[in-house]
Amino acid sequence: MRFTDRGPRSAGMLIGMWLLPLLLCAHGSAEPRSKSFLTQHRDLVKALRLYLDPLRDHTKSWVAVEGVVAPMAAGGDPVLADPDRLRWLTDQSRTFAAPFTDRAWQRNSGVPSPERHGLMRRLHSEKLRLTWVQPRDYNATQAWRRYPREDPRPWLITLHDAVDLGGSTPAGVGLLKRRWPYAAAADLYKQWLVLAPEAPKAEFVTPAGAIYLERSVEPMMEFWSRYHVDFD
């Protein structure tokens, strides 16, 4: 993840503090895994996907995890004590909410379909206001269903300024066109997922220096819960 903030420095600092738990558990690894490694860990990933599913019975699903981990540990391989593999297993196993483009989620949540602005998509609802871009080859569903999953995509988060308000172009869209026009940043949009939360009057921080969670942190967490992105 890369975070850019042209506004008050306190915004970036506070957002970093709130996201620290996610940073610790979602740091991905680009190290290629051998065929034997993937075969060895297939059953563990399958069990962990059930365990990390909030709709499952965690007690029963943890028994399945232990059923895979215990023999590995008995054979001298304490897999869950290896930080590098634990990060990889987290990326391979964590669950995902429906992407913003999912029609069933839109219908059940009372959220309108995202607007299209060229490569950019914009979600504007009572709860969420944001613009994002995803690479053309990124499939928000298949990215997490397959095994092994591809590595998490790099993620760029940026906040708009007051200069991006007032015109016919939405703030998030105008921000991305201004800072990273496609002609100059084509490689960025081919590889990265880019998120631009939107806020009335470009106010992400209160006059007292407190962060508006619903305008910045909550959109980030909603996005992370739906897309296979990295905090590296």
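Reading guide: rules and limits
The numbering scheme is per chain: residues are counted from 1 as the chain's sequence reads. Given that the model is predicted, a residue must reach a pLDDT of at least 70 before its local features are reported, and side-chain atom pairs must reach 80 or more before they are shown or counted; all residues, however, enter totals for whole chains, interfaces and linings. The side-chain quantities take in all heavy atoms of the structure and omit both hydrogens and water. Only C-alpha atoms enter the line fits that serve as axes; for helices the fit covers just the stretch in contact. Angles between N-to-C directions range over 0 to 180 degrees. We count a stretch as a helix when DSSP gives it H or I for four or more residues in a row; a strand needs E for two or more, and each element gets its number in order from the N terminus. Here the angle decides the label: under 35 degrees means roughly parallel, over 145 means roughly antiparallel, 65 to 115 means roughly perpendicular, and every other value means oblique. When the near helix sits turned anticlockwise from the far one by under a right angle, the crossing is termed left-handed; a clockwise turn instead gives a right-handed crossing. Residue contacts are defined here by distance: any two heavy atoms, one from each residue, within 4.5 Å place the two residues in contact. The criterion is simple. A nonpolar core is a set of buried Ala, Val, Leu, Ile, Met, Phe, Trp, Tyr and Cys residues joined through side-chain atoms within 4.5 Å. Per-residue accessibility, obtained with a 1.4 Å probe over protein chains only, is compared with the maximum for each type, and a residue is labelled buried under 20%, exposed over 50%, and partly exposed between these values. Under this grouping Gly is polar, as are all residues other than the nonpolar Ala, Val, Leu, Ile, Met, Phe, Trp, Tyr, Cys and Pro and the charged Asp, Glu, Lys and Arg. In protein, a polar contact means a hydrogen-donor-capable atom and an acceptor-capable atom, both N or O and within 3.5 Å, with residues adjacent in sequence counting only if both atoms are side-chain atoms; elsewhere, any N or O pair within 3.5 Å suffices. At least two bridges found by DSSP between two strands is the condition for calling them paired. A pair is scored as a salt bridge if a Lys or Arg side-chain nitrogen falls within 4 Å of a carboxyl oxygen belonging to Asp or Glu.

A.B. asks: How should the packing of helix H2 (residues 35–51) against helix H3 (residues 58–74) be read in this particular structure?
C.D. replies: Geometrically, a packed helix pair is captured by the angle between its two axes and the distance between the axes. Running from N to C, H2 and H3 cross one another at 160°; their axes reach a closest spacing of 8 Å. On the basis of their axis angle, the class for H2 and H3 is roughly antiparallel. Two packed elements cross with a definite hand, and for H2 against H3 that hand is left-handed. Of the residues in H3, those touching H2 at Gln40, His41, Asp43, Leu44, Ala47, Leu48, Leu50 and Tyr51 are His58, Ser61, Trp62, Ala64, Val65, Val68, Val69 and Met72.

A.B. asks: Is there a simple way to think about the nonpolar core in this case?
C.D. replies: In this structure, Phe100, Leu123, Trp132, Trp155, Leu195, Phe223 and Tyr227 are the most contacted members of the largest nonpolar core, which totals 18 residues. For this core, the secondary structure elements donating two or more residues are strand E4 (129–133), strand E5 (155–158), strand E6 (193–197) and helix H9 (217–224). By residue number, the principal contributor to this core is H9, which donates three residues. Contacts of Tyr227, omitting those with residues within four sequence positions, involve Arg94, Phe96, Pro99, Phe100, Thr101, Trp132, Gln134, Tyr138, Ala140 and Leu193.

A.B. asks: Honestly, the packing of H2 against helix H4 (residues 83–93) in this entry has me stumped. Any pointers?
C.D. replies: For the pair H2 and H4, the least separation of the axes is 9 Å and the interaxial angle reads 60°. Considered as vectors, H2 and H4 are oriented oblique to each other. In the packing of H2 onto H4, the handedness of the crossing is right-handed. Counting all contacts with H2, which are made through Phe37, Leu38, His41, Leu44, Val45, Leu48 and Arg49, the residues of H4 involved are Arg85, Trp88, Leu89, Gln92 and Ser93. For the contact of H2 with H4, the per-class residue count stands at seven nonpolar, three polar and two charged.

A.B. asks: How do you make sense of the environment of Arg226 when you look at a structure like this?
C.D. replies: With respect to the secondary-structure elements, Arg226 resides in the segment after H9. Each C-alpha atom of the pair Arg226 and Ala140 lies 7.8 Å from the other, and the pair is 86 residues apart in sequence. If we skip the residues at most four places from it in the chain, Arg226 touches Phe96, Ala97, Ala98, Pro99, Phe100 and Trp105. A polar contact is formed between the side chain of Arg226 and the side chain of Glu222, at a distance of 2.7 Å.

A.B. asks: Which parts of the structure should I look at to understand the pairing of E5?
C.D. replies: Successive side chains on a regular strand alternate, one facing one side of the sheet and the next facing the other. Burial of the side chains of E5 extends over both faces: Trp155 and Ile157 are buried on one face and Leu156 and Thr158 on the other. Of the strand pairs in this sheet, E5 and E6 are connected by three bridges, and their pairing is parallel. Its bridge partner lying in E6, Leu156 is registered against Val194.

A.B. asks: So what exactly am I meant to see when it comes to the pattern of salt bridges here?
C.D. replies: Note on pairing: side chains with opposite charge can pair once their charged atoms come close. Under the criterion given, the structure shown has 14 salt bridges. Residues Asp84 and Arg87 are paired through a salt bridge, measuring 4.0 Å at the closest nitrogen-oxygen approach. Within this pair, Asp84 and its partner Arg87 are both found in helix H4, separated by three residues, close to a single helical turn. Overall, the relative accessible area of 23% leaves Asp84 in the partly exposed class. Accessibility expressed as a relative area gives 27% for Arg87, which makes it partly exposed. Between Glu115 and Arg122 there is a salt bridge; the shortest N-O distance is 3.2 Å. Its relative accessible area of 11% is what places Arg122 among the buried residues. Taken together, the salt bridges that share partners define one network made up of Asp161, Asp164, Arg178 and Arg179.

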